[in-house]
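What the coordinates show
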Amino acid sequence: MSLAAVLFFATPAFAVDSTGIPICDTLLKRYEECSVELPRANIHAAQKELLEGAMSLRANASNPQLRPSLEKFCADTFEAMKTSSEIKACMSK
């Protein structure tokens, strides 16, 4: 899965195991907490994408060549979600 394809969506019922990348873990946890604010019709797809994204991050986190890109991707995604997502107010807390 490419970095661009790694999206993070979920509901609180789906706790995500650590990826080993602190900023990615923070992003996933916050999104999990905030996802209750998503439109109800988006929840199922959001759960699937979060779990797939977290699995991809965990699978690639131990690769020293990919790790810096994953950290930057998570940091950039987190900042973008704070300003332009449907749940930006919650993500910004």
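One can find the structure itself at the top, above this paragraph.
The structure presented is a predicted model; accordingly, all values stated were derived computationally and were not measured. (Residues numbered from 1 in each chain as written. Predicted model: local features only at pLDDT ≥ 70, side-chain atom pairs only at ≥ 80, totals over all residues. Heavy atoms only, no water.)

What follows is about the overall build of the protein chain. Looking only at helices and strands, one finds 4 helices and 0 strands in the protein chain. In sequence order, the protein chain lays out its α and β elements as α-α-α-α. Split into buried and exposed, the 93 residues of the protein chain put 37% on the buried side. Put simply, 70% of the contacts in the protein chain that link residues at least 6 apart link residues at least 24 apart. Here the protein chain has roughly 5,300 Å² of accessible surface; of this, 58% comes from carbon and sulfur atoms. (Helix = DSSP H or I, 4+ residues; strand = E, 2+ residues; numbered from the N terminus. Buried < 20%, exposed > 50% of the residue type's maximum accessible area, 1.4 Å probe, protein only. Contact = heavy atoms within 4.5 Å. Areas by Shrake-Rupley, 256 points an atom, 1.4 Å probe, with all protein chains shown as cover.)

At their nearest, the axes of helix α1 (residues 22-34) and helix α2 (residues 43-61) sit 11 Å apart, and the two run at 170° to each other. With respect to their mutual orientation, α1 and α2 come out roughly antiparallel. Contacts between α1 and α2 involve Cys24, Leu28 and Glu32 from the former and Leu50, Ala54 and Leu57 from the latter. Here the contact of α1 with α2 is built from residues that sort into 5 nonpolar, no polar and 1 charged. (Axes fitted to C-alpha atoms, helices over the stretch in contact; angles between N-to-C directions. Parallel < 35°, antiparallel > 145°, perpendicular 65-115°, else oblique. Nonpolar A, V, L, I, M, F, W, Y, C, P; charged D, E, K, R; others polar.)

A word on the pattern of salt bridges. One pass over the full model with this rule turns up 5 salt bridges. Salt-bridge contacts for Glu52 lead to Lys48; the nearest nitrogen and oxygen are separated by 2.8 Å. Within this pair, Glu52 and its partner Lys48 are both found in helix α2, separated by 4 residues, close to a single helical turn. (Salt bridge = Lys/Arg side-chain N within 4 Å of Asp/Glu carboxyl O.)

Another aspect to go through is the nonpolar core. Membership of the largest hydrophobic core comes to 20 residues, with the highest contact counts inside it found for Leu27, Tyr31, Leu38, Leu57, Met81, Ile87 and Met91. At the level of elements, α1, α2, α3 (67-84) and α4 (88-91) are the ones that each hand at least two residues to this core. (Core = buried A, V, L, I, M, F, W, Y, C linked by side-chain atoms within 4.5 Å.)

A word on the environment of Lys93. Residue placement: Lys93 occurs in the segment after α4. For Lys93, a relative accessible area of 68% corresponds to the exposed category.

Moving on to the packing of aromatic side chains. In total, this model carries 0 aromatic pairs according to the counting rule given. Here Lys82 stacks its cationic end above the ring of Phe78, 4.4 Å away from the centre of that ring. (Phe/Tyr/Trp six-rings, centres within 6.5 Å; stacked < 30°, edge-to-face > 60°. Lys NZ or Arg CZ within 6 Å of the ring centre and 35° of its normal.)

With that settled, the discussion passes to the state of the cysteines. For the structure on display, the rule yields 2 disulfides. The disulfide that involves Cys34 links it to Cys90, with 2.1 Å between the sulfurs. The sign of the S-S torsion, about -80°, decides the handedness of the disulfide formed by Cys34 and Cys90: left-handed. Pair noted here: Cys34 is in helix α1 and Cys90 is in helix α4, with a separation of 56 residues, a long-range link. Of the two residues, Cys34 and Cys90, neither departs from the other in class, the shared state being buried. Once the bonded cysteines of the protein chain are numbered in order along the sequence, the disulfide links fall as 1-3, 2-4. (Disulfide = S-S within 2.5 Å.)

All we've got here are geometric facts, nothing functional implied.
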